[in-house]
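Here are the chains, one letter per residue:
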Amino acid sequence: MAKKKKKKNPIISFLGSVVAFFKDDRFRYAMGIVFLLVALFLVLSLISYLINWKTDQDFEWAKVFSGPEVRVENSGGKLGAWLSNLLINKWFGIASFLFPAILVIWAMALYKIRLVQPGKAVRNSLILMILLSITLGLIFGVAGGALGSGPGGQHGYFLSRWLVASIGTLGTIFLLIICYMAMILFSTSFLDWVRRVENPFNSTGEQTEEEVVQDDEITEIEKEIVEEPFIVKEEIGEDSQPVKEENSSGKEDVKMTIEDVSGNNPDDYNPDEGALGEYDPTLDLPKFRYPPLSIMKEYDQGDLTVTNEELISNKNRIVETLGNYNIKIDKIKATIGPTVTLYEIVPAPGIRISKIKNLEDDIALSLSALGIRIIAPIPGKGTIGIEVPNQNPRIVSMKSILSSKIFQDAEMELAIALGKTISNETFVFDLTKMPHLLVAGATGQGKSVGLNAIIASLLFKKHPAQLKFVMIDPKKVELSLYSKIERHYLAMLPESEEAIITDTQQVIHTLNSLCGEMDDRYNLLKNAQVRNIKEYNDKFINRKLNPNKGHRFLPFIVVIIDEFADLIMTAGREIETPISRLAQLARAIGIHLIIATQRPTTNIITGVIKANFPARIAFRVTSGIDSRTILDGPGADQLIGRGDMLFLSGSEPIRLQCAFVDGPEIEDVTDFIGQQKGYPTAMMLNPVDEEAATGPEVDLDKRDDKFEEAARLVVQHQQGSTSLIQRKLSLGYNRAGRIVDQLEAAGILGPFEGSKARQVLIQDEFSLEQILSNLS
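Keep in mind the model is a prediction, meaning the values are calculated, not measured.

What follows covers the overall build of the protein. Check the secondary structure of the protein and you find 27 helices and 17 strands. A buried classification covers 46% of the 776 residues belonging to the protein. Restricting the contact set of the protein to residue pairs at least 6 apart, pairs at least 24 apart contribute 68%. With the model as given, the accessible surface of the protein reaches about 40400 Å², and the carbon-plus-sulfur share is 55%.

Dropping the structure here:
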């Protein structure tokens, strides 16, 4: 038996229609436009009043709607003249310009533009308006002066006079200062301000507990606004059959079917979008604190240790040595660094630069110093640089680097503070722009300290939810201190017993699993229709991706490999193949490699490695050949050691003194982090099928006779297709296919990609010739 339909309650229907009208997006947009137009009208009227106040002063409301015989000079007409006189003359003076700002804030709130919190911003604007009015009244004082009642308006004038009469001028000033400070502190959250003073390095936007509570309160308010304040029931005709469900009260709720016409993939729709605010990954560990600077050591050495006598002596010897070879100098200038002083010289006209460059050893002999390096010319300066080591070099402490303004204010994804330049400036770079880093140098020249400086920079900047490390240490002692932060910052395979990977087979499994992680992340980026990890995480934070469909926040993964030479010697291509894949493809999805070796030889740092590691750090090496292997040029063999280094990310290397951080400092940092609450386990990588991860099994000792010719062909055309080799070398398909497999095994071509041509991994013939010479 059909249920009898209930009659509509006309009052409830009317209230429901009113609520629906005010909740309609069109109403919000219209009101936003109205607020913006009123704000613009007010600004124009107030500015015009400042110019024509003598004419429009004391304009009354009764004259607003008078006839054309009443004229005003205000750009807003009679209404503008009345409003301006009311706000500036009778009320708050020049501070009344905050009224249009309040209207703009309301308009932004209606359009859901959350640059500021609307309620807090309006409250602060009103308080600031009152304080500015009183301040201007106190400073300019006399009523009836400029702008009638003065720049503070009648409100500011009379209140300031009353305060002066009550507590005196000094008392009024002190009271105003207290009010301004209170407004600043409470508008930015006092607890957050205190925490920033205690720890200035929390630049990642980590929320305090108070902010978390405030966000929860805002979320609850938003939920109340979103929910329907009235239960509106309409008669439903027979043509429409909505789904009805009974709630706990026994009443029927009406559900509507919503059709997606936005063009977005409905599978990626996140039902939480807009209702819960932005997702904050750091809330997994909301009480995590960054290491304080107080646990780092200071090396107070006073002022620069290069004396005027040393500078003058070196300058005279340089000029004398060049003069012995008939090279005249017009000008010489010294720039003192922590370890090296740069002497910039301007030779006389007609002097060939190569002539000075060839005198490197002679200048070193005359100065009785090691590590002389000539930069001819210095890029962008038009001078020739001669780098001379200081007799008493300074230690650059890690604390001084981390506390520098350039590091604190660095708006980089992965900011790394490495040391100081010759001009004594802190050197900071973004690892995501590199995107991988090769570190090489002889034993005992500062390579391990450099790795510790890189890791420390990241630990002082990034929250555990935003960054993970994969640490590979064949020596088993260099990176062992970081095992204490396993549950915070490290990533590992589920079957690994230790987070710091030391076994060669575990290294192979881990690198292959990182390749699998890379492929998974690219699939996520493809489904999200974005190009890189930054765009993906921005979309996820704004709740535009549905976690129920596999989407997740992606932390950066920094892979640190120490003693890369030992891995190549023991595992060879099993190590080089996944590293080559990661180096070529992993940049966009946030996986970055840092490889260190003390044997910078061509069979370790191959052409494939060099082609994919444009950023390189060279500590002192023993020969010019090793320097050319690292930097493609001389220079690393002329360093003085103990952290003296060259950083190459462009055409010319930059000389730096690496920051010094010793073992006890790293231990204090890891102890501070390890004692805090972390995740239940380290980040677990997904194991992959090793057979699927490896390339074709090819014996490169049995290469085809046309192998080298085919290699030069694909590098020259930058096209790795079997058909190209067939046409150009007049070969059959099977033979050309075998050559392609051999080129892949040699690291010249990338893996099979279906119908697409294989990627050519070598970009120039010089790198190719190195690979071919290593194979022969």
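Where helix H24 (residues 707–717) meets helix H27 (residues 765–775), the closest approach of the two axes is 10 Å, and the angle between their N-to-C directions is 160°. In this view, H24 runs roughly antiparallel relative to H27, as classed from their interaxial angle. The two elements H24 and H27 cross, and the hand of that crossing is right-handed. Of the residues in H27, those touching H24 at Phe707, Glu708, Ala711, Arg712, Val715 and Gln716 are Glu765, Leu768, Glu769, Leu772 and Leu775. Here the contact of H24 with H27 is composed, by residue class, of six nonpolar, one polar and four charged.

Time to look at H27. Taken together, the buried positions of H27 are Ser767, Leu768, Gln770, Ile771 and Leu772. Packing partners of the buried residues in H27 comprise helix H20 (607–612) and H24.

One water molecule sets the probe size; rolling that probe over the atoms shows where empty space is left. This structure, assessed with the given rule, holds two cavities of 30 Å³ or more. One number sums up the size of the largest cavity: a volume of about 50 Å³. Pro338, Thr339, Val340, Lys420, Thr421, Ile422, Asp644, Arg655, Leu656 and Gln657 are the residues that line the largest cavity. Those elements that provide at least two residues to the lining of the largest cavity are strand S7 (415–421) and strand S16 (654–658). It is S16 that provides the largest number of residues to the lining of the largest cavity, a total of three residues. Taken as a whole, the second largest cavity encloses approximately 40 Å³ of empty space. For the second largest cavity, the full set of lining residues is Ser448, Leu451, Asn452, Glu478, Leu479 and Asp562. A class-by-class count of the residues in the lining of the second largest cavity yields two nonpolar, two polar and two charged.

In this section: the sheet that holds strand S15 (residues 644–648). Strand order in the open sheet made by the nine strands is S8-S7-S16-S15-S14-S9-S13-S12-S10, with mixed pairing throughout. Only two strands of the sheet have a single partner each, and these edge strands are strand S8 (426–430) and strand S10 (467–472). Neighbouring strand axes in the sheet, compared pairwise and without regard to direction, differ in orientation by 30° on average. Both S7 and S8 contribute to a ladder of five bridges, which runs antiparallel. Residue pairing for S8: Gly419 is matched across the bridge by Phe427.

The omega torsion across Ala376 and Pro377 is -10°, close enough to zero to call that bond cis. Mapped onto the secondary structure, Pro377 falls in the loop between strand S5 (373–375) and strand S6 (384–389). With an omega of 0°, the peptide bond between Met434 and Pro435 qualifies as cis. Secondary-structure assignment places Pro435 in the loop between S8 and strand S9 (437–440). The phi torsion at Gln529 lies on the positive side, around 60°, for a residue other than glycine. Structurally, the position occupied by Gln529 is in the loop between helix H16 (504–528) and helix H17 (533–541). In this structure, Gln718 is a non-glycine residue whose phi angle is positive, near 50°. Looking at the element boundaries, Gln718 is found in the loop between H24 and helix H25 (722–729).

Counting residues in each nonpolar core, the largest one holds 117 residues, and the members touching the most others are Leu418, Leu437, Phe469, Ile575 and Phe647. Of all hydrophobic cores here, the second largest spans 25 residues; its members include Val608, Ala711, Ile762 and Leu768.

This brings us to the sheet that holds S6. The strand order across the open sheet formed by four strands is S3-S4-S6-S5, and the pairing between neighbours is antiparallel. One side of each edge strand has no neighbouring strand; the edge strands of this open sheet are strand S3 (329–336) and S5. Taking the axes of each pair of neighbouring strands and ignoring which way they run, one obtains an average angle of 20° across the sheet. Its contacts with the sheet put helix H9 (residues 308–323) on S3, strand S4 (340–347) and S6, and the angle it makes with S4 is roughly 40°.

All right, on to the environment of Arg581 then. Structurally, Arg581 can be placed in helix H19 (residues 573–585). Placed 70 residues apart in sequence, Arg581 and Leu511 show a C-alpha to C-alpha distance of 9.8 Å. Sequence-distant contacts of Arg581, that is, excluding residues within four places in its chain, are made with Cys515, Met518, Asp519, Ala586 and Pro751.

Right, let's talk about the pairing of S8 for a bit. Of all the five residues making up S8, five are buried; the element is thus mostly covered by neighbouring parts of the structure. Burial along S8 is two-sided: Thr426, Val428 and Asp430 and Phe427 and Phe429, pointing in opposite directions, are all buried.

Close contact between helix H4 (residues 98–110) and helix H5 (residues 118–140) brings their axes to 10 Å; oriented N to C, the two are set at 180°. Relative to H5, H4 is oriented roughly antiparallel. Contacts from Leu98, Phe99, Ile102, Ile105, Trp106 and Ala109 in H4 reach Pro118, Ala121, Val122, Ser125, Leu126, Leu128, Met129 and Leu132 in H5. Classifying every residue of the contact of H4 with H5 gives 13 nonpolar, one polar and no charged.

Here the structure, examined in full by the defined rule, presents 27 salt bridges. Between Glu298 and Lys399 there is a salt bridge, with its nearest N and O atoms 3.0 Å apart. Note that Glu298 is positioned in the loop between strand S2 (252–255) and H9 and Lys399 in helix H12 (residues 398–402), a separation of 101 residues in sequence. Residue classification places Glu298 among the exposed positions, given a relative accessible area of 58%. In this structure, Lys405 and Asp409 form a salt bridge, with 2.8 Å as the shortest nitrogen-oxygen distance. The class for Asp409 is partly exposed, based on a relative accessible area of 43%.

A contiguous nonpolar patch, built from Leu170, Ile173, Phe174, Ile177 and Met181 and spanning about 500 Å² of accessible area, is present on the exposed surface. Structurally, the position occupied by Phe174 is in helix H6 (residues 153–187).

Inspection of every chain in the model, using the stated rule, returns eleven aromatic pairs. For the pair Phe92 and Phe99, a centre-to-centre distance of 6.3 Å together with 50° between the ring planes defines the contact as tilted. Among the residues examined, Phe99 registers a relative accessible area of 21% and is labelled partly exposed. Consider the rings of Tyr279 and Phe540, whose centres lie 5.3 Å apart with planes at 85°: the pair is edge-to-face. With a gap of 261 residues between them, Tyr279 in the loop between S2 and H9 and Phe540 in helix H17 connect regions that are remote in the sequence. Relative accessible area serves as the criterion here: at 8%, Phe540 is assigned to the buried category.

Bringing the confidence of the model for the protein into the picture now. Reading predicted coordinates in detail is not appropriate for stretches of low pLDDT. With 79% of its residues at a pLDDT of at least 70, the protein reaches an overall mean of 79. Note that residues 1–6 has pLDDT below 50 and, in this model, three contacts with residues that lie over four places away or in other chains. Every residue in residues 691–695 scores below 50 in pLDDT, and together they form three contacts with partners more than four places removed in sequence or on other chains.

Cut-offs applied
- Residues numbered from 1 in each chain as written.
- Predicted model: local features only at pLDDT ≥ 70, side-chain atom pairs only at ≥ 80, totals over all residues.
- Heavy atoms only, no water.
- Helix = DSSP H or I, 4+ residues; strand = E, 2+ residues; numbered from the N terminus.
- Buried < 20%, exposed > 50% of the residue type's maximum accessible area, 1.4 Å probe, protein only.
- Contact = heavy atoms within 4.5 Å.
- Areas by Shrake-Rupley, 256 points an atom, 1.4 Å probe, with all protein chains shown as cover.
- Axes fitted to C-alpha atoms, helices over the stretch in contact; angles between N-to-C directions.
- Parallel < 35°, antiparallel > 145°, perpendicular 65-115°, else oblique.
- Left-handed = near helix turned anticlockwise from the far one by under 90°.
- Nonpolar A, V, L, I, M, F, W, Y, C, P; charged D, E, K, R; others polar.
- 1 Å grid on protein atoms, 1.4 Å probe; cavity = no way out; pocket = protein on both sides within 12 Å on 5 of 7 lines; lining within 4 Å.
- Points joined across faces, edges and corners; volume = space filled by probe spheres on them.
- Pairing = 2+ DSSP bridges.
- Core = buried A, V, L, I, M, F, W, Y, C linked by side-chain atoms within 4.5 Å.
- Salt bridge = Lys/Arg side-chain N within 4 Å of Asp/Glu carboxyl O.
- Patch = residues over 30% accessible without salt bridge, like charges linked within 9 Å, V, L, I, M, F, W, Y side chains within 5 Å.
- Phe/Tyr/Trp six-rings, centres within 6.5 Å; stacked < 30°, edge-to-face > 60°.
- pLDDT = per-residue confidence, 0-100.

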